[in-house]
4 protein chains.
Amino acid sequence: MKTTIREKIQISLKNPVLIEGLPGLGLVGRIAARYLIKQLKAEQLARLYSPHFPYYVVVNKKGHARLLRGDFYYWKNPQGNDLLLFTGDSQAQTIEGQYEIADTILNFAEKQKVKAIITLGGYRKEASNTPKVIATATDSAILTKAIEAEAILSPPGNPIVGTAGLLVGMAKFKKIPALCLLGETRGYLPDPGAAKSILLVLQKMLNLRVSLDAINKEIKKSNKILERMRQIQERRETYTKKMQQGEKNKTTYIS
Amino acid sequence: MKTTIREKIQISLKNPVLIEGLPGLGLVGRIAARYLIKQLKAEQLARLYSPHFPYYVVVNKKGHARLLRGDFYYWKNPQGNDLLLFTGDSQAQTIEGQYEIADTILNFAEKQKVKAIITLGGYRKEASNTPKVIATATDSAILTKAIEAEAILSPPGNPIVGTAGLLVGMAKFKKIPALCLLGETRGYLPDPGAAKSILLVLQKMLNLRVSLDAINKEIKKSNKILERMRQIQERRETYTKKMQQGEKNKTTYIS
Amino acid sequence: MKTTIREKIQISLKNPVLIEGLPGLGLVGRIAARYLIKQLKAEQLARLYSPHFPYYVVVNKKGHARLLRGDFYYWKNPQGNDLLLFTGDSQAQTIEGQYEIADTILNFAEKQKVKAIITLGGYRKEASNTPKVIATATDSAILTKAIEAEAILSPPGNPIVGTAGLLVGMAKFKKIPALCLLGETRGYLPDPGAAKSILLVLQKMLNLRVSLDAINKEIKKSNKILERMRQIQERRETYTKKMQQGEKNKTTYIS
Amino acid sequence: MKTTIREKIQISLKNPVLIEGLPGLGLVGRIAARYLIKQLKAEQLARLYSPHFPYYVVVNKKGHARLLRGDFYYWKNPQGNDLLLFTGDSQAQTIEGQYEIADTILNFAEKQKVKAIITLGGYRKEASNTPKVIATATDSAILTKAIEAEAILSPPGNPIVGTAGLLVGMAKFKKIPALCLLGETRGYLPDPGAAKSILLVLQKMLNLRVSLDAINKEIKKSNKILERMRQIQERRETYTKKMQQGEKNKTTYIS
């Protein structure tokens, strides 16, 4: 078995842009890609299977088991570029697998006559109230568009690991301009806030209109969890300090 | 060398069902598959060799050395579906190997015109007097049959690792319905009890009649071992408690 | 680059027997194979290169660098089977590599019309004055010959790891009888004694006459080293005991 | 995706010598190769991409992302052999990858009708004021030239790991003479001093004239850093000794 794409339907897309978001730091790329798929009611186009994904199946709510996979969706845009969206369960587990999967996606993108590729992911940053979006690309033209849409230029030296990076690196071989957008995130937990910041850039770049109500709710939920965790942490620290103080005092009394 | 199947005889089977049981959690799948092979006096059909098995040979009682392998057996059922049974020494040692071996088994199943696949394994559960059988499948039709035979539906999210999982996940590509049955087991030791619970489900599903005397004996032996281990553990704990009590008492006396 | 054999000369051998000895436990197999090559003045026939060997080159006395490799030698036997001898620098470093190299050797053996294969190695055993030779084989005919030559039958379950094992396991596919001879060794150090015990069996089996003077010298040297190590160990233990005694006595005095 | 070379221009070189320097011990090989490329104003010829390089892209100063790669440069020598220079971001990450990349480079060298190969690297040595250059080769002719240029013969047994080693080992298959030059280095930090010692040998061997001003500056900088590190270390040791002395004294007072 090699990495293969199984097409569910044949379709012709109008100047399609491929948007990729797989699991990674803070799940930022995957949250953003899946949000677009849901909000745009994008439809299934094809599935990617690979012997470089982990070797297990997962069970869904109906009790059905399925392989780990990548999913291609498409969305017919009445006003601009059609979208080809890619998300999935997992990154490849081996070095060669990472290259093989990126190569397979690019061959499919070429076949679908994709005009540009935008890969999504997270960018580690300790504290940030409004997470920025870091951009890097194959060339200045597409990069400029991202900067105009309020992304900021990636610092030099920054390594972008996994499919989001390799797709951009390898897109050059296909002469497809490619852009990588990374939302700043602490990366500890799934981070809808970082995903939203990416969505804002994408909307501007691609003239999309997607309701952000649902992701705003996710962010509120996520913030509540973070707040609760912060409180627990704080209480623990206060308690620890008191204990230590208490013990110091005791020691003083006794001696 | 690639993963290959070497056929020992050519045979035509009647609506065969493939039952797979390789080593895994509590050896449940392998114990169940081998028990069927022995009780049904199933006969050798083919062997599977793979460069993804561990790189050693094992010596048998006659002093002959052989590669690690998988074994296909068949059983001509006078009253229903013929059986194709698969068991073996080992799972593949690499990710790609896991996919390659599952792929090779499925190609062989397709060639043999297999009508359904049932894979067997263990399901980790801490304490259970009568181990239940957890079921997941490619589709609702075969899953319903398992539920009717008193298996219970797998919870969602449950990952099924190794050949038992991949065969079900990849069976879809061949349009063969596939079912996975997992016997609840603590998984520490070979668990004939969990294997028996699977055999009971299989008997109902496939209208098989297999004497359970031999496996009942195995279960008794296994229970005795467990009972002895529990007693040793208990004595150790009692002893430890006494020692600790004794020391407390001593301390009291002294102060 | 794949595993390949580069032939230095073309030659036709008379009913050749392939003897294999690569580095392994106590270097037993390699010492025995190289001893035969040297004593018989066997000549170079071919070399095996593989991308599964470690990725470095070694420098010889003239300052020339060379890849790690396997070496085939041949010896024209005036009175019996010609010999094809295989030794080398290293075992394969990956699972698939182990199978690939064994496969490549067997294809070459088939091409050379090899009539039997004998693989050599070490067998871990704590203490043994006269190391025995453990035998396992593809079939009873060749195994019986080894037993007649004073090898003893391998216990069942014994796993034989690496090329010495796989060659025997995979020889069946080529219908070449194959035998594995393992000299008992503690395995800590290169063990010429275990290698000699294998040479004695080989001489009887193959009607060879090879002077054992040189290996006897090696054994003496090796025994001296072992004796010295034993003395150092003993002195250390005596010293430790005295120290502990001394401390006990002190304690007694003080209290 | 396999390891591939993408040629940027087609060119015919006059008796070219291939000089290779990838990252390794003290970055010696890469520093030397890149220094030559810069000083000679060598021009880009081709790029090597491989699925055995780490799976990330790096961002340059303009915010453009690119795959890790190897780079071939050429230099038209008005007075002697043209040069083909190879450097890159990384070594292969897998054993097979190491062999595959060396093989790909050699095929390209053969195509370019390379007359000799010189690989560069570091050689671990604890302390050395003027680092020597250790040489090993495929044959005595090229080795003698290196010795005449004041390299010294490699000690036997010395393993040369990675592309610098494999290129020499595998060059024999192409019948291209190959030499490996290793600059003595402690290997902790990038070591321009060791690189310079290699450049001196190369200049003599190849009749090159390259200004050493820039590397002399690098060496001064590097020596200052080392000197500062040595001082910090020394102060730490002095301080530790004083503390220990102080404590001894205290102990004396108290008792």
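Residues numbered from 1 in each chain as written. Chains lettered and ligands numbered in written order. Predicted model: local features only at pLDDT ≥ 70, side-chain atom pairs only at ≥ 80, totals over all residues. Heavy atoms only, no water.

**Focus: unusual backbone geometry**
Line of reasoning, step 1. Non-glycine residue N207(A) carries a positive phi angle of around 55 degrees.
Line of reasoning, step 2. As for its position among the elements, N207(A) is in the loop between α5 (192-206) and α6 (213-254).
Line of reasoning, step 3. We classify N207(A) as exposed; its relative accessible area is 66%.
Line of reasoning, step 4. The phi angle at K41(B) is positive, at roughly 50 degrees, despite the residue not being glycine.
Line of reasoning, step 5. For K41(B), the location among the structural elements is in the loop between α1 (28-39) and β3 (43-49). (Helix = DSSP H or I, 4+ residues; strand = E, 2+ residues; numbered from the N terminus. Buried < 20%, exposed > 50% of the residue type's maximum accessible area, 1.4 Å probe, protein only.)

**Concerning the pairing of strand β8 (residues 116-124) of chain A**
Residues and elements named next belong to chain A.
Line of reasoning, step 1. Across the 9 residues that make up β8, a large majority, 8, are buried.
Line of reasoning, step 2. By the bridge criterion, 4 bridges tie strand β2 (residues 17-21) to β8 in an arrangement that is parallel. Across the sheet, the residue bridging to I19 is I118, located in β8.
Line of reasoning, step 3. For β8 and strand β12 (residues 178-185), the ladder comprises 8 bridges, and the chain directions are parallel. The residue of β12 that forms the bridge with L120 is L181. (Pairing = 2+ DSSP bridges.)

**Thoughts on the domain arrangement of chain A**
Residues and elements named next belong to chain A.
Line of reasoning, step 1. As far as domains go, chain A holds domain 1 (4-210) and domain 2 (216-255).
Line of reasoning, step 2. The gap between the C-alpha centroids of domain 1 and domain 2 is 39 Å.
Line of reasoning, step 3. Facing 5 residues of domain 1, the contacting portion of domain 2 comprises 6 residues.
Line of reasoning, step 4. Summed over both sides, the interface of domain 1 with domain 2 buries roughly 420 Å², with 72% coming from carbon and sulfur.
Line of reasoning, step 5. For the pair domain 1 and domain 2, the interface holds 0 salt bridges.
Line of reasoning, step 6. Between domain 1 and domain 2 we count 1 residue pair in polar contact (both at pLDDT 80 or more) in total.
Line of reasoning, step 7. Within the side of domain 1 that touches domain 2, the residues separate by chemical class into 3 nonpolar, 1 polar and 1 charged. (Domains from an automatic or database assignment. Contact = heavy atoms within 4.5 Å. Buried area = accessible area lost by both parts, 1.4 Å probe. Salt bridge = Lys/Arg side-chain N within 4 Å of Asp/Glu carboxyl O. Polar contact = N/O pair within 3.5 Å; in protein donor to acceptor, adjacent residues only side chain to side chain. Nonpolar A, V, L, I, M, F, W, Y, C, P; charged D, E, K, R; others polar.)

**Some points on the relation of the copies chain B and chain C**
The relation between the two copies of this chain is a rotation about an axis and a shift parallel to it.
Line of reasoning, step 1. When chain B is fitted to chain C, the best match, at an RMSD of 0.1 Å, comes from turning it 90 degrees and sliding it 0.0 Å along the axis. Considering both components of the superposition, the chain copies are consistent with a four-fold axis. Every residue of chain B has its C-alpha some distance from the rotation axis, and the shortest such distance is that of T94(B), at 7.4 Å. (Least-squares fit on C-alpha atoms with pLDDT ≥ 70 in both.)

**Some thoughts on the nonpolar core**
Line of reasoning, step 1. Core analysis: the largest hydrophobic core is formed by 164 residues, its most contacted members being F72(A), F72(B), F72(C) and F72(D).
Line of reasoning, step 2. Residue contacts for F72(D): discarding those within four places in its chain leaves I5(D), L18(D), E43(D), Q44(D), L45(D), A46(D), L48(D), L84(D), L85(D), F86(D), I105(D) and F108(D). (Core = buried A, V, L, I, M, F, W, Y, C linked by side-chain atoms within 4.5 Å.)

**Overview of the interface of chain D and chain C**
Line of reasoning, step 1. Contact with chain D, which involves 28 residues of that partner, is made by 22 residues of chain C.
Line of reasoning, step 2. The junction of chain D with chain C conceals about 2100 Å² of combined surface from both sides, 66% of it contributed by carbon and sulfur atoms.
Line of reasoning, step 3. On the surface where chain D and chain C come into contact, there are 0 salt bridges.
Line of reasoning, step 4. Our enumeration of links across chain D and chain C arrives at 11 residue pairs in polar contact (both at pLDDT 80 or more).
Line of reasoning, step 5. Mapped by element, the contributors of at least two residues to the side of chain D that touches chain C are α2 (95-111), β9 (133-137), α3 (140-148), β11 (159-161) and α4 (163-171) of chain D.

**Points about a nonpolar patch on the surface**
Residue and element names in this part refer to chain A.
Line of reasoning, step 1. Together, Y188, L189, I225 and M229 line one region of the surface with nonpolar side chains, adding up to about 400 Å² of accessible area.
Line of reasoning, step 2. Take I225: it is sitting in helix α6.
Line of reasoning, step 3. The partly exposed category is assigned to I225, whose relative accessible area is 43%. (Patch = residues over 30% accessible without salt bridge, like charges linked within 9 Å, V, L, I, M, F, W, Y side chains within 5 Å. Areas by Shrake-Rupley, 256 points an atom, 1.4 Å probe, with all protein chains shown as cover.)

**As for helix α5 (residues 192-206) of chain C**
An α-helix turns once every 3.6 residues. As a result, residues three or four positions apart point the same way.
Residue and element names in this part refer to chain C.
Line of reasoning, step 1. With 15 residues, α5 ought to run about 21 Å at 1.5 Å a step, and its terminal C-alpha atoms sit 20 Å apart, in line with that.
Line of reasoning, step 2. Summarising burial for α5: 12 of the 15 residues are buried, a large majority.
Line of reasoning, step 3. If you check which residues of α5 are buried, you get P192, G193, A194, A195, S197, I198, L199, V201, L202, Q203, M205 and L206.
Line of reasoning, step 4. Backbone nitrogen of G193 and a side-chain oxygen of the N-cap are separated by 3.1 Å at the start of α5; the cap is D191.
Line of reasoning, step 5. Looking one or two residues beyond α5, the residue adopting positive phi is N207, at roughly 55 degrees. (Expected span 1.5 Å × (residues − 1).)

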